[in-house]
Amino acid sequence: MVKEVSIARIDCAAFTIPTDAPESDGTIEWDRTTLITVEVEAGGRTGLGYTYDHSAAVSLIAQTLAPEVRGQDAFAVEEVWAAMVRIVRNIGWPGVAACAISAIDIALWDLKAKLLDVPLATLLGPARRRVPVYGSGGFTSYTDERLADQLSGWVDEGCAFVKMKVGREPEKDPARVEAARDAIGDAQLFVDANGGYSRKQALGLANTFSGLGVTWFEEPVSSDDLKGLRLIRDRGPAGMDIAAGEYGYQPFYFRRMIEAGAVDVLQADATRCGGVTGFMRAAALCDGFEIPFSSHCGPSIHLHPACAALRLRHMEWFHDHVRIEHMLFDGAPILRDGHIEPDFSRPGHGLVFREADAERFRIQP
Ligand SMILES: [Mg+2]
């Protein structure tokens, strides 16, 4: 019986991919996305991980994290995770370092599942075999026509929920939300302000949006304003969930958010919060506090852990990342009837990076 396999190699690379149109939300604008990939090799198998982050993650991985990982036991993911967190103490754990650790952790989980020749969801222990997703995009840079086309397109593909951005021009938001509402039939409409509103603006708009059938209000105020989130949650309309958590990089971030009573549904992003390890810890917190859980962005990388997260309600099917993951990864999940499901015939998370297709996007940080 194999008990230990030493990690022989760890490599990383960065690719910057332009968006298909200029995009914006309640607080920032962007026209490109940087993907950081990590490969970890042990026992003749290779694990793949990735994150969406600044290219600075590449030098952090190469100079600081890789020396901690090389030579460690590929099965001892918790031990490697703890070593990575320790070594970034003076650099700062949240942000770039947490994303870099996440990409490595995802690669380690993929590697471990491959060494055991099982799908990652099987290794983690599935609570379900397929996961509902909500179509997510609806950028504030879109015309009402593109907004309606995109959201109704996801409804046509079976999505029971779709999400749009708000918060850039608050006075225009009720009309944009109404245009979206008119386009999506019986589907539930979610809005995400990315912290773009003040507390009182958000409270007023919560009632307006609720009147237009909105059932999910994400980051109505900054997710750092836990009392503000709690205020909207307590005083806002019934039937509207308050959600946040996408900027959680550390386990105690989620604990504080839940303990403050700030959210009805916790969100977490495995490419930021410490990979599969961090995501499953956030899932366990949701179980302990008996609140629903939802994954943020990067659907291909969340699919297997999402199958194993007991209280998971749904996953985000984010326009930019769906596009990139289908361009650059074999095995990226296909949306069917509003759900995605793992390919249980493949070991690991089942994703294979198409390096040749990505070459034109490669950057040298
Ligand atoms: Mg969001």
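Residues numbered from 1 in each chain as written. Predicted model: local features only at pLDDT ≥ 70, side-chain atom pairs only at ≥ 80, totals over all residues.

This paragraph deals with the overall build of the chain. The number of helices and strands found in the chain is 13 helices and 15 strands. Here the C-alpha radius of gyration of the chain, 20 Å, is about what a compact globule of 365 residues would show, namely 21 Å. Projected onto its principal axes, the C-alpha positions of the chain cover 60 × 40 × 40 Å. Within the span of the chain, comprising 365 residues, buried residues form 52% of the whole. Within the chain, counting contacts between residues at least 6 apart in sequence, those at least 24 apart form 71% of the total. (Helix = DSSP H or I, 4+ residues; strand = E, 2+ residues; numbered from the N terminus. Rg over C-alpha atoms; globule rule 2.2 N^0.38 Å. Buried ≥ 20, exposed ≤ 12 C-beta atoms within 10 Å, placed from the backbone. Contact = placed C-beta atoms within 7 Å.)

Let us look at the sheet that holds strand β1 (residues 7-24). In space, the four strands of this open sheet follow the order β3-β2-β1-β15, with antiparallel pairing throughout. Edge positions in the sheet fall to β3 (45-52) and β15 (362-363), since each has one partner strand and no second. Two strands pair when backbone bridges link them, and β1 and strand β2 (residues 29-42) are joined in this way by 13 bridges, in the antiparallel orientation. What sits directly across from Arg9, in β2, is Glu41. (Pairing = 2+ DSSP bridges.)

Running from N to C, helix α1 (residues 56-69) and helix α2 (residues 77-87) point in directions that differ by 150°, and their axes come no closer than 9 Å. Between α1 and α2 lies a crossing of right-handed hand. Between α1, through Thr64, Leu65, Glu68 and Val69, and α2, the contact on the second element is made entirely by Val80, Ala83, Met84 and Ile87. Class assignment for the residues of the contact of α1 with α2 results in six nonpolar, one polar and one charged. (Axes fitted to C-alpha atoms, helices over the stretch in contact; angles between N-to-C directions. Left-handed = near helix turned anticlockwise from the far one by under 90°. Nonpolar A, V, L, I, M, F, W, Y, C, P; charged D, E, K, R; others polar.)

Interface extent is often summarised as the accessible area lost during association of the parts. Partitioning the chain into structural domains gives domain 1 (7-117 + 354-363) and domain 2 (122-350). If you average the C-alpha positions of domain 1 and of domain 2, the two centres end up 23 Å apart. With 39 residues of domain 1 at the interface, the matching set in domain 2 holds 36 residues. Listing elements by their share of the side of domain 1 that touches domain 2, those giving two or more residues are β1, β2, β3, α2, α3 (96-115) and α13 (355-358). (Domains from an automatic or database assignment.)

In this structure, Met164 sits in strand β5 (residues 161-165). When the C-alpha positions of Met164 and His314 are compared, they lie 16 Å apart, and in sequence the two are 150 residues distant.

A separate point is the packing of α2 against α3. One can describe the packing of α2 onto α3 by two numbers: an axis separation of 11 Å at closest approach and a directional angle of 165°. The angle between α2 and α3 places the two elements in the roughly antiparallel class. Here α2 and α3 pass one another in a crossing that is right-handed. Facing α2, whose interface residues are Val77, Val80, Trp81, Met84 and Val85, α3 presents Ile101, Ile104, Asp105, Leu108, Trp109 and Lys112. (Parallel < 35°, antiparallel > 145°, perpendicular 65-115°, else oblique.)

A separate point is the nonpolar core. Counting residues in hydrophobic clusters, the biggest one holds 117 residues, and the most contacted among them are Val40, Ile61, Ala100, Ile104 and Val162. Among the elements that make up this core, the one with the highest residue count is α3 (14 residues). When sequence neighbours within four positions are dropped, the list of residues in contact with Ala100 reads Ala57, Leu60, Ile61 and Leu65. (Core = buried A, V, L, I, M, F, W, Y, C linked by C-beta atoms within 7 Å.)

Buried residues dominate strand β4 (residues 131-136), accounting for five of its six residues. Bridging between β4 and strand β13 (residues 339-340) involves two bridges; their strand directions are antiparallel. Residue pairing for β13: Val131 is matched across the bridge by Ile340. Of the pairings in the sheet, the one linking β4 to strand β11 (residues 312-318) comprises four bridges and is parallel in character. Counted as the bridge partner of Tyr134 is Glu316 from β11. In the sheet, β4 pairs with β5 via two bridges, with the strands oriented parallel. When the bridges of β5 are listed, Ser136 appears paired with Lys163. Of the crossover connections in this fold, the one passing from β4 over helix α5 (residues 144-156) to the parallel β5 is right-handed. (Right-handed = clockwise from strand over helix to strand, strands pointing away.)

Let us look at unusual backbone geometry. Despite not being glycine, Glu219 has its phi angle at roughly 40°, a positive value. You can see Glu219 is positioned in the loop between β7 (214-218) and α8 (226-235). Under the C-beta neighbour-count criterion, Glu219 is labelled buried, with 30 such atoms within 10 Å.

Our next topic: helix α9 (residues 251-259). Taken together, the buried positions of α9 are Phe254, Met257 and Ile258. For α9, the angular spread of buried residues about the axis comes to 95°, placing them on one side. Seen from the open side of α9, the exposed residues pointing more than 90 degrees away from its buried face are Phe252, Arg256 and Glu259. (Arc of directions from axis to C-beta.)

Looking now at the environment of Lys163. Within the element layout of this structure, Lys163 appears in strand β5. Residues Lys163 and Ala180, spaced 17 residues apart in sequence, show a C-alpha to C-alpha distance of 9.4 Å. The residues contacting Lys163, other than those within four sequence positions of it, are Tyr134, Ser136, Gly138, Phe190, Val191 and Asp192.

Moving on, we get to the environment of His349. By the secondary structure assignment, His349 is in the loop between β13 and β14 (352-353). What His349 contacts, discounting residues up to four positions off in sequence, is Asp110, Leu120, Ile301 and His304.

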